[in-house]
Amino acid sequence: MEWENQTILVEFFLKGLSDYPRLEPLFFVLILMMYVVILLGNGTLIVISIWDSHLHTPMYFFLGNLSFLDICYTTTSIPSTLVNFLSDRKTISFSGCAVQMFLGMAMGTTECVLLGMMAFDRYVAICNPLRYPIIMNKNSYVPMAAGSWFAGVMNSAVQTAFVIQLTFCRNNVINHFSCEILAVMKLACADISGNEFIMLVATTLFTLMPLLLIVISYSLIISSILKIRTSEGRSKAFSTCSAHLIVVIIFYGTILFMYMKPKSKDTLNPEDLDATDKLISMFYGVMTPMMNPLIYSLRNKDVKEAVKNLFYRSFFNK
């Protein structure tokens, strides 16, 4: 690859599935289909959360934000991944890689914080139903969503700024589908201990703290549900938060499976990343945004009814 003054990196090579060329057409079709489902599913949720007056509540406001976030998150990486599957030149410029890192980190952080806000919303709805309209009014849930986006942008801006200041003068092959920030950091020929410390602090603040909020919220929710005497009441209470709980389990479960690996695995050369790791990463980056609207649609009567009304008006009221 080209270099300037032997220290300034011009471009990165995204290895992806280059070692498995026969799999590339198959995964191109699969990922393209998933991307279409992501756009249609999340786009539909955004439309009904705006169009249907019955869904003008904090829960569906957060859900609309989550759907928009999933569309943005996948759009930062999937189109370029699809192009790379069909292209012999699987490269990305240094500036393009920086933009992709920034957007991916911003969307990922925002989703972590937003899921925490959604868990708090469900806690108030179930544990303090009489005070819910007072606590979760427009002056509270709009700033909560805006704060989630702000946290994601600021965290990503700081981490990306420190990464692009590193010196890259050796290997420029990223053994990944996109410019994932950890994969890029490992290519630096400079001390990255400062970057790792910043990432540790950011992970604690924007990933583990929202997870702690989710755990506390659902512990109180489950305790409150168990106190309900009738099985019908318990079922109704659980149904209001089950979709969000499933999304949280899938989202955080995949993150933990990806990153909570044995030390011996983490210390391997980045070129030793195998196909299984890449497929897990794909699940995290594609499957979760695709499943979110399906989960909310299948587990929520209001959403199913709103979708039916939307399609009925679209096809029969012309």
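Residues numbered from 1 in each chain as written. Predicted model: local features only at pLDDT ≥ 70, side-chain atom pairs only at ≥ 80, totals over all residues. Heavy atoms only, no water.

A few points about the overall build of the chain
Phase 1: A count of helices and strands for the chain gives 13 helices and five strands.
Phase 2: With 318 residues in all, the chain has 46% of them scored as buried.
Phase 3: Here the contacts in the chain between residues at least 6 apart in sequence split such that 80% fall between residues at least 24 apart.
Phase 4: Total accessible area computed for the chain in this model is approximately 16700 Å², and 67% of it derives from carbon and sulfur atoms. (Helix = DSSP H or I, 4+ residues; strand = E, 2+ residues; numbered from the N terminus. Buried < 20%, exposed > 50% of the residue type's maximum accessible area, 1.4 Å probe, protein only. Contact = heavy atoms within 4.5 Å. Areas by Shrake-Rupley, 256 points an atom, 1.4 Å probe, with all protein chains shown as cover.)

Brief notes about the sheet that holds strand β3 (residues 11-14)
Phase 1: Spatial strand order, β4-β3-β5: three strands in an open sheet with mixed pairing. Every other strand in the sheet has two partners, leaving β4 (91-93) and β5 (173-174) as the edge strands with one partner each.
Phase 2: Bridge count between β3 and β4: three bridges; the pairing is antiparallel. Counterpart to Glu11 in the pairing with β4 is Ser93.
Phase 3: Strands β3, β4 and β5 of the sheet are contacted by helix α4 (residues 94-127), whose axis makes an angle of about 85° with β4. (Pairing = 2+ DSSP bridges. Axes fitted to C-alpha atoms, helices over the stretch in contact; angles between N-to-C directions.)

Points about the packing of aromatic side chains
Phase 1: In the structure shown here, the tally under the stated rule is six aromatic pairs.
Phase 2: Note on Phe120 and Tyr123: the rings are 6.2 Å apart at their centroids and 40° apart in plane angle, and the pair reads as tilted. Placement of the pair is Phe120 and Tyr123 together in helix α4, with a separation of three residues, close to one helical turn.
Phase 3: Residues Phe251 and Tyr252 carry aromatic rings whose centres are separated by 5.3 Å and whose planes lie at 85° to one another, so their mutual orientation is edge-to-face.
Phase 4: Given the relative accessible area of 3%, Phe251 is considered buried.
Phase 5: By relative accessible area, Tyr252 is classed as buried at 4%. (Phe/Tyr/Trp six-rings, centres within 6.5 Å; stacked < 30°, edge-to-face > 60°.)

Some points on the packing of helix α2 (residues 58-75) against α4
Phase 1: Running from N to C, α2 and α4 point in directions that differ by 165°, and their axes come no closer than 10 Å. Compared by their axis directions, α2 and α4 come out roughly antiparallel. Here α2 runs over α4; the crossing is left-handed. On α4, the residues that touch Pro58, Met59, Phe62, Leu63, Asn65, Leu66, Leu69, Asp70, Cys72 and Tyr73 of α2 are Gly104, Met107, Gly108, Thr110, Glu111, Leu114, Leu115, Met117, Met118, Asp121 and Arg122. (Parallel < 35°, antiparallel > 145°, perpendicular 65-115°, else oblique. Left-handed = near helix turned anticlockwise from the far one by under 90°.)

Overview of the environment of Ser53
Phase 1: Turning to its location among the elements, Ser53 is positioned in the loop between α1 (24-51) and α2.
Phase 2: Here Ser53 falls in the exposed class, since its relative accessible area comes to 53%.
Phase 3: Spatially, the C-alpha atoms of Ser53 and Ala306 are 9.6 Å apart, while their sequence positions differ by 253 residues.

Describing the state of the cysteines
A covalent bond between the sulfur atoms of two cysteines is referred to as a disulfide.
Phase 1: Inspection of the entire model under this criterion finds one disulfide.
Phase 2: Two residues, Cys97 and Cys179, share a disulfide whose sulfurs are 2.0 Å apart. Handedness here is read from the sign of the S-S torsion; for Cys97 and Cys179, about -125°, the answer is left-handed. You can see Cys97 sitting in helix α4 and its partner Cys179 sitting in the loop between β5 and α7 (181-185), a full 82 residues away along the chain. Of the two residues, Cys97 and Cys179, neither departs from the other in class, the shared state being buried.
Phase 3: Here Cys241 stays free of any disulfide, with the sulfur of Cys127 as its closest cysteine sulfur at 9.1 Å. (Disulfide = S-S within 2.5 Å.)

Some remarks on the pattern of salt bridges
Phase 1: Under the definition given, this model contains two salt bridges.
Phase 2: Put simply, Glu24 and Lys90 hold a salt bridge, and the shortest N to O gap is 3.3 Å. Of this pair, Glu24 sits in helix α1 while Lys90 is found in the loop between α3 (78-86) and β4, placing the two residues 66 residues apart along the sequence.
Phase 3: Residue Glu24 is classed as buried on the basis of its relative accessible area of 9%. (Salt bridge = Lys/Arg side-chain N within 4 Å of Asp/Glu carboxyl O.)

The values are spatial; any link to function lies outside them.
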